[in-house]
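Tertiary structure, described
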Amino acid sequence: MHLSTRPILRRVALTGAALLAATAAVPQASAATAPDDRSAAGGGLSAVIRYTENGIPHILAPDYPRLGFGTGWAQAADQVCVLADGFVTVAGERSRWFGPDAAPDFSLSSATKNLSSDLYFKGVRESGTVEKLLATPAPAGPTKDLKDLMRGWAAGYNAWLAQNKVTDPACKGAGWVRPVTTADVAARAFAVSVLGGQGRGIDGITAARPPGTAGSPTGPTARPQAAGSAADRAVDPAAAAEAAREFFDTGRYDMGSNAVAFAGSTTASGRGLLLGNPHYPWHGGRRFWQFQQTIPGELNVSGASLLGTAVVNIGFNEKVAWSHTVATGTPVNLHQLALDPADPTAYLVDGTSERMTRRTVTVPVAGGTPVTRTQWWTRYGPVVSDLGPGLPLPWTAQTAYALNDPNAVNLRGSDTALAMGRARSVAGIQDALERTQGLPWVNTVAADSAGGTLFTQTQVLPRITDELAARCSTPLGRATYPASGLAVLDGSRGDCAIGSDPDAVQPGVFGPGKAPTLRDAPYAENSNDSAWLANADRPLTGYERVWGSVATPRSLRTRGAVEDVAAMAARGRLTVADLQKQQFANRAPAGDLAAADAAKACAALPGGTATASDGGAVDVSAACGVLAGWDRTTDSASRGALLFDRFWRRLTASTPARDLWLVPFSAADPVRTPRTLNQAAPGIGRALADAVAELKAAGIALDAPLGEHQFVVRGGRRLPVGGGTEALGVWNKTEAPWNAAAGGYPEVAHGSSHIQAVGWDGGRCPVARTLLTYSQSSNPLSPYYADQTRMYSEERWVTARFCERDILTSPKLKVVLVRERR
């Protein structure tokens, strides 16, 4: 085999070297001749792309502009329609093309209508926010390498558009598919940065109106009072606390994740292992895209990026692997303003009046006249009328609320990813995080070839200390801060301003020295709960409430994950194959805790009958045996998983935890409590009756295999999908809208996405298996539209090709030189 492949290796290697040399020989525009994107577009950028199995590109270039060029080209080839849609969003032109009342896909914000999305993003562009951030010197602003990557990405995207026909039916012939600039790419990065902050408050930002104007609440006309006075009665603190808790509850997001790192003391090779399992949307602009980037001698990293991003966000190199999980840190805070008695658009700070800044934005609307609205901004950030429907923040004659989001001045996220790609160890990962401080809303879990592990919550958070919250919270804040980490500070007092840490890159945020961090534990795991139980034997404590809670109940997914990985670490001799088994174990912790007791409660119902929510009697006797016989997994072949899933969702939605479990939560035993289902809970019979009636009405057998009713359709073929919901606590998360008429769960909305299992065995190359669950392309005409989805359905993996020999010996190898045409 070695002798037969050597000539092939030599020929392909020489071809790649020649192409790289050709790429390097193309004259690159200098700063003097290419001050903006128009000049850069004619500067002759090029790159080498080597495609291997499943359409995975390995991009080779001599420098960052050309690496960005190849990345932008290859992303456009796979995802042009999704990318173009996102650029319409950040340009504030959705209403122009798709109408003002339609909903965006929620990938770049939580705006519920195109109009509110446009009003916000057009305001961002017209205020020059992104351009100012691009011009900010590093380290507070982006580095030259990152700006070169973004410039190159824009040129590569544009070159692909200029040289190829769009075949994807989603945007073929659409006028909104247009060239982009570096500022457009940066605007998309800005949107990702504020996704957990201003991006979640867009409806409230664009709806905020001074009292007495159209569409605003009518406030009292009495003399304004200081923050924390009678004006607080406009918002019920108890209700607001619960609303804030739900608003910032990571278990409710359409983004989540699991990740675990194992130390060398637990592995067969004595080297580290990493399993990353992000839970992200399967459709739209928050999909991952898989690739490798190489600048010889400078950068060699493989993994996945969020669409529109020019760097690997999660991945691995020769020495270290990492993944991210959505963190519990509350990335924003509110300032309650005491308004000037003479002007509700001015506010008082230490008795001095400051006028708000008007941001008047006009949005073109399809088939109608343009819409003009005014937003109001303060020293703290924009005035906001609510944070979701459950947390109204009325603007009265006395009081308004301003939203502080420190990530609105953070364009460093991709610099953090770039620095991590160059790291050589978990210490290097930690150093990259601390130097760049760019991650807005995620934790990091990492392992390296020396056997080290890392968990850290190094993210950009407002510097809300518990002392500051105790001293400066309004009555509303005294309710919301303990419940959710959302501080509401008295904006009328200068001594309540957020301070800075000396090791922080930007003002008003925590320095990395305050981030909850765990190094070199036998395992480090996170499933979107706080840092407390990253390792159950080494709990992390002592951090401020804004980072997350301590000694509080964990989600079922966290509890199941900690049980699983702790047992794996204790067993030892772990390999990448063990990570693969964990990914598809599909154990349902809720089933282990409650299925047997639910079956007993079912069997105890008089006459095998229960009363449904509509008052009707339902024969549930057949369900008892199905629940008892269920194997407690959410494998595609599991019988009873679907019945338990429909039952358990109903039961937990209607029954408080205090009534559900006989053994309550204990901080001394957080992984095993609460437990023991209360068989006498009144909701059990009703939930059983409703689930049985629902399945029977849909013609679904109570013991039907899960995969017959949890599936996706690709190319006219049903592909069964295993995994389970957040409610069941399954590691391999699958969230799908229920559609009984279409067969159950006929499409996955979000869940397991770019999965990677990475380790080292002492050889030159990492041992890596990956899987992009929804496949590389959104274009149904692409050969890479469903190939990995079929593999996911069959629980098969892609063997990563990282080292040159692996790439060059791929039977599917296709080497392409892509370049701009002058």
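Read on for a plain summary of the structure. (Residues numbered from 1 in each chain as written. Predicted model: local features only at pLDDT ≥ 70, side-chain atom pairs only at ≥ 80, totals over all residues. Heavy atoms only, no water.)

**Some remarks on the overall build of the protein**
For clarity, the cut-off: Where helices and strands are cited, they refer to DSSP runs of H or I of at least four residues and of E of at least two residues respectively, numbered from the N terminus. With the radius of gyration taken over C-alpha atoms, the globule rule is written as 2.2 Å times the number of residues to the power 0.38. A 1.4 Å probe rolled over the protein chains alone gives each residue an accessible area, and that area as a share of the maximum for its type sets the label: buried under 20%, exposed over 50%, partly exposed in between. Pairs of residues are marked as contacts when any of their non-hydrogen atoms sit within 4.5 Å. Per-residue accessibility takes into account occlusion by the displayed protein chains alone, with areas from the Shrake-Rupley method and a 1.4 Å probe. Two residue types count as positive, namely Lys and Arg, and two as negative, namely Asp and Glu; His and chain ends fall outside the count. Just so you know, the charge point we use is NZ for Lys, CZ for Arg, CG for Asp and CD for Glu.
Along the backbone of the protein there are 23 helices and 33 strands. In terms of overall dimensions, the protein is globule-like: its C-alpha atoms have a radius of gyration of 27 Å, near the 28 Å expected for 822 residues. With respect to the principal axes defined by its C-alpha atoms, the protein has extents near 75 × 70 × 55 Å. For the protein, the proportion of its 822 residues judged to be buried stands at 63%. Summarising the internal contacts of the protein: among those between residues at least 6 apart in sequence, 69% fall at separations of at least 24. When the accessible surface of the protein is summed, it comes to about 28,900 Å², and 54% of that surface belongs to carbon and sulfur atoms. Across the protein, 79 positive and 72 negative side-chain charges occur, with their mean positions spaced 5 Å apart.

**Points about helix 19 (residues 641-654)**
The line we're drawing: To estimate the expected span of a helix, count its residues, drop one, and scale the result by 1.5 Å.
Taking 1.5 Å of rise per residue, the 14 residues of helix 19 would be expected to cover 20 Å, and the 20 Å separating its terminal C-alpha atoms lies within 8% of that figure. Here helix 19 has its buried residues at Ala641, Leu642, Leu643, Phe644, Asp645, Arg646, Phe647, Trp648 and Leu651.

**Brief notes about the sheet that holds strand 5 (residues 279-281)**
As a reminder, the rule being used: What makes two strands pair is DSSP finding at least two bridges between them.
If you walk across this open sheet you meet the three strands as 5-29-28, and the pairing is antiparallel. Each edge of the open sheet is held by one strand with a lone partner, namely strand 5 and strand 28 (734-735). By the bridge criterion, two bridges tie strand 28 to strand 29 (residues 750-752) in an arrangement that is antiparallel. Bridging across to strand 29, Glu735 finds its partner in His750.

**With respect to the packing of aromatic side chains**
Defined as follows: To pair, rings of Phe, Tyr and Trp, with the six-membered ring standing in for Trp, must have centres within 6.5 Å; the planes then decide the type, stacked if under 30 degrees apart, edge-to-face if over 60, and tilted in the middle.
For the structure on display, the rule yields 23 aromatic pairs. Taken together, a centroid distance of 5.0 Å and an interplanar angle of 75° make the contact between Tyr120 and Phe121 edge-to-face. Look at Trp282 and Tyr774: their rings are 5.9 Å apart centre to centre, the planes differ by 75°, and that puts the pair in the edge-to-face class. Here Trp282, found in the loop between strand 5 and strand 6 (288-295), pairs with Tyr774, found in the loop between strand 31 (767-772) and helix 22 (787-793); they are 492 residues apart in sequence, far enough to count as distant. Given the relative accessible area of 1%, Tyr774 is considered buried. Pairwise contacts between aromatic rings join Trp282, Phe584, Tyr774, Tyr792 and Trp797 into one cluster.

**Regarding the state of the cysteines**
As used in these notes, a disulfide is a covalent bond between sulfur atoms, one from each of two cysteines. Heads up, the condition is: Cysteine sulfur pairs qualify as disulfides if the two atoms are within 2.5 Å.
For the coordinates displayed, the defined rule picks out four disulfides. The residue that forms a disulfide with Cys81 is Cys171, at a sulfur-sulfur distance of 1.9 Å. Its S-S torsion of about -80° marks the bond between Cys81 and Cys171 as left-handed, since a negative value means left-handed. Of the two residues, Cys81 sits in helix 3 (residues 64-90) while Cys171 sits in the loop between helix 7 (144-163) and helix 8 (182-193), which places them 90 residues apart along the sequence. The exposure class of Cys81 is buried, given its relative accessible area of 5%. Exposure remark for Cys171: the relative accessible area of 2% places this residue in the buried category. Here Cys472 engages in a disulfide with Cys496; their sulfurs sit 2.1 Å apart.

**Topic: the pairing of strand 18 (residues 453-456)**
Here strand 18 shows a buried face lined by Thr453 and Phe455 and a second buried face lined by Leu454 and Thr456. Here strand 17 (residues 442-448) folds back onto strand 18, and the loop between the two strands holds four residues, one of which, Gly451, carries a positive phi near 100°. Here strand 18 runs beside strand 20 (residues 517-519); their pairing, made up of three bridges, is antiparallel. If you follow Leu454 over to strand 20, its bridge partner there is Arg519.

**Thoughts on helix 14 (residues 475-484)**
What helix 14 keeps buried is the set Leu476, Gly477, Ala479, Thr480, Tyr481 and Ser484. Where helix 14 is buried, its residues meet helix 10 (237-247), strand 10 (333-340), strand 16 (399-404), helix 13 (466-472) and strand 19 (488-490). Just beyond helix 14, the residue with positive phi is Gly485, at close to 85°.

**Regarding the pattern of salt bridges**
This is how it is decided: Any Lys or Arg side-chain nitrogen found within 4 Å of a carboxyl oxygen on Asp or Glu counts as a salt bridge.
Inspection of every chain in the model, using the stated rule, returns 37 salt bridges. Between Arg435 and Asp431 there is a salt bridge, and its shortest N-O distance comes to 2.7 Å. Of this pair, Arg435 and Asp431 both sit in helix 12 (residues 426-436), four residues apart, which is roughly one turn of that helix. A relative accessible area of 37% places Asp431 in the partly exposed class. Residues Arg471 and Asp495 are paired through a salt bridge, measuring 3.8 Å at the closest nitrogen-oxygen approach.

**Some thoughts on the side chain of His754**
Its place among the elements puts His754 in strand 30 (residues 754-759). When its relative accessible area of 0% is taken as the criterion, His754 is described as buried.

**With respect to the sheet that holds strand 20**
This is how the line gets drawn: Angular values range over 0 to 180 degrees, each being the angle between N-to-C directions of two axes fitted as lines to C-alpha atoms, with helices fitted over their stretch in contact.
With mixed pairing, the ten strands of this open sheet are ordered in space as 20-18-17-9-8-7-6-2-1-33. Both outer strands of the open sheet, strand 20 and strand 33 (814-819), are each paired with one neighbouring strand and no more. Averaged over all adjacent pairs, the angle separating strand axes in this sheet is 20°, with direction ignored. Pairing analysis gives three bridges linking strand 7 (residues 299-306) to strand 8 (residues 314-316), with the strands arranged antiparallel. Residue pairing across strands places Ser302 opposite Phe316, the latter belonging to strand 8. Set on the sheet, helix 3 makes contact with strand 1 (46-52), strand 2 (56-60), strand 6, strand 7 and strand 33; between it and strand 6 the angle comes to about 155°.

**Details of the packing of helix 17 (residues 589-603) against helix 19**
This is how it is decided: The labels follow the angle: roughly parallel below 35 degrees, roughly antiparallel above 145, roughly perpendicular from 65 to 115, and oblique for the rest. Put simply, Ala, Val, Leu, Ile, Met, Phe, Trp, Tyr, Cys and Pro go in the nonpolar bin, Asp, Glu, Lys and Arg in the charged bin, and everything else, Gly too, in the polar bin.
Their axes nearest at 11 Å, the elements helix 17 and helix 19 cross at an angle of 90°. When the axes of helix 17 and helix 19 are compared, the pair comes out roughly perpendicular. Between helix 17 and helix 19, the contacting residues are Ala590, Gly591, Ala594, Ala595 and Ala598 on the first element and Phe644, Phe647 and Trp648 on the second. The residue inventory of the contact of helix 17 with helix 19, partitioned by class, reads seven nonpolar, one polar and no charged.

**Remarks on the environment of Thr444**
As a reminder of what qualifies: Definition of a polar contact: a pair of N or O atoms within 3.5 Å, with one able to donate and the other able to accept a hydrogen when the atoms are protein atoms, and with sequence-neighbouring residues admitted only if both atoms are side-chain atoms.
Topologically, Thr444 is positioned in strand 17. Its relative accessible area of 0% is what places Thr444 among the buried residues. Expressed as a C-alpha distance, the spacing of Thr444 and Lys172, which sit 272 residues apart in the sequence, is 39 Å. Setting aside chain neighbours within four positions, we find Thr444 in contact with Trp322, Ser323, His324, Met420, Ile429, Leu433, Leu439, Leu454, Phe455 and Thr456. One polar contact links Thr444 to His324, side chain to side chain, over a distance of 3.1 Å.

**Concerning the nonpolar core**
Side chains that are nonpolar tend, in soluble globular proteins, to be buried together. Here is the rule: For this analysis, a nonpolar core means a set of buried residues of the types Ala, Val, Leu, Ile, Met, Phe, Trp, Tyr and Cys, connected via side-chain atoms within 4.5 Å.
Formed by 175 residues in total, the largest nonpolar core has its most connected members in Val80, Tyr157, Phe190, Phe262, Leu387, Ile429 and Ile464. With 14 residues, the single largest contributor to this core is helix 3. Excluding anything up to four places from it in sequence, Phe262 contacts Thr267, Gly272, Leu273, Ala447, Thr453, Pro522, Tyr523, Val565, Met568, Ala569, Leu574 and Leu579. Grouped together as the second largest cluster of nonpolar side chains are 44 residues, Ala601, Ala681, Val692 and Leu728 included.

**A few points about the pairing of strand 30**
Among the six residues that make up strand 30, six are buried, leaving the element largely enclosed by the rest of the structure. Of the strand pairs in this sheet, strand 4 (residues 273-277) and strand 30 are connected by four bridges, and their pairing is antiparallel. Across the sheet, the residue bridging to Leu273 is Gly759, located in strand 30. For strand 30 and strand 31, the ladder comprises six bridges, and the chain directions are antiparallel. Residue pairing in the sheet places Gly759 in a bridge with Val767 of strand 31.

**Here we look at unusual backbone geometry**
For the bond running from Ala138 to Pro139, omega is 10°, close enough to zero to count as cis. Mapped onto the elements, Pro139 comes out in the loop between helix 6 (129-135) and helix 7. Of note in the backbone geometry, Phe106 takes a positive phi value of approximately 70° without being a glycine. Note on placement: Phe106 falls in the loop between helix 4 (94-98) and helix 5 (114-126).

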